[in-house]
Amino acid sequence: MNEYSTGTSARPTLYTGQRHRMLWVVGVVFSAGLLAPLLFLGAARKGIVPRTVPAGYAVAIYPIALGRQWLPDPGDWISWTLAAVVLTAAVHAVLLDTGRTPGG
């Protein structure tokens, strides 16, 4: 008997439960996306997402966040762009394990 067998997929799960999923998504949203690349890096190390995912979020989020300090922001375009990327990361996090049944 293999204690590590999931029965349906060899890919590891990202979340250990509903509470963990909620904390993960809240961490992405309330950190203004700054934690998203780090959290997705952990998912990439587990083999859940490709390594390009955390790199992509880092390239999208960090320059936008720094741009808020130095660039002119007529019409709040930086804030809206950052919000769009953060929400995309949060939705991506939620959808990673969609379709799985608890326990396998």
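Residues numbered from 1 in each chain as written. Predicted model: local features only at pLDDT ≥ 70, side-chain atom pairs only at ≥ 80, totals over all residues. Heavy atoms only, no water.

Structural notes on the overall build of the chain
Across its full length, the chain carries four helices and zero strands. Secondary structure elements of the chain occur, N-terminal to C-terminal, as α-α-α-α. The 104 residues of the chain split such that 29% are buried. Pairs at least 24 apart in sequence give 63% of the contacts found in the chain among residues at least 6 apart. (Helix = DSSP H or I, 4+ residues; strand = E, 2+ residues; numbered from the N terminus. Buried < 20%, exposed > 50% of the residue type's maximum accessible area, 1.4 Å probe, protein only. Contact = heavy atoms within 4.5 Å.)

As for a nonpolar patch on the surface
Taken together, the side chains of Met22, Val26, Val29, Phe30 and Leu87 define a hydrophobic patch exposed on the protein surface, amounting to about 500 Å² of accessible area. Broken down by element, the residue count for the nonpolar patch peaks at four residues, all from helix α1 (residues 18-30). Take Met22: it is sitting in helix α1. (Patch = residues over 30% accessible without salt bridge, like charges linked within 9 Å, V, L, I, M, F, W, Y side chains within 5 Å. Areas by Shrake-Rupley, 256 points an atom, 1.4 Å probe, with all protein chains shown as cover. Salt bridge = Lys/Arg side-chain N within 4 Å of Asp/Glu carboxyl O.)

Considering the packing of helix α3 (residues 52-70) against helix α4 (residues 77-95)
Interhelical geometry of α3 versus α4 gives an angle of 155 degrees and a closest axis separation of 9 Å. Taken together, the axes of α3 and α4 lie roughly antiparallel to each other. Taken as a pair, α3 and α4 cross one another with a handedness that is left-handed. Here Val53, Tyr57, Ala60, Ile61, Ile64, Gly67 and Arg68 of α3 lie close against α4, whose contacting residues are Ile78, Ser79, Thr81, Leu82, Val85, Thr88, Ala89 and His92. Classifying every residue of the contact of α3 with α4 gives nine nonpolar, five polar and one charged. (Axes fitted to C-alpha atoms, helices over the stretch in contact; angles between N-to-C directions. Parallel < 35°, antiparallel > 145°, perpendicular 65-115°, else oblique. Left-handed = near helix turned anticlockwise from the far one by under 90°. Nonpolar A, V, L, I, M, F, W, Y, C, P; charged D, E, K, R; others polar.)

Some remarks on the nonpolar core
Leu14, Trp24, Val28, Phe40, Val49 and Tyr57 are the most contacted members of the largest nonpolar core, which totals 23 residues. Secondary-structure elements contributing two or more residues to this core are α1, α2 (36-45), α3 and α4. A per-element tally of this core places α4 first, with seven residues. (Core = buried A, V, L, I, M, F, W, Y, C linked by side-chain atoms within 4.5 Å.)

Some remarks on the packing of aromatic side chains
For the structure on display, the rule yields two aromatic pairs. Pairwise contacts between aromatic rings join Trp24, Phe40 and Tyr57 into one cluster. (Phe/Tyr/Trp six-rings, centres within 6.5 Å; stacked < 30°, edge-to-face > 60°.)

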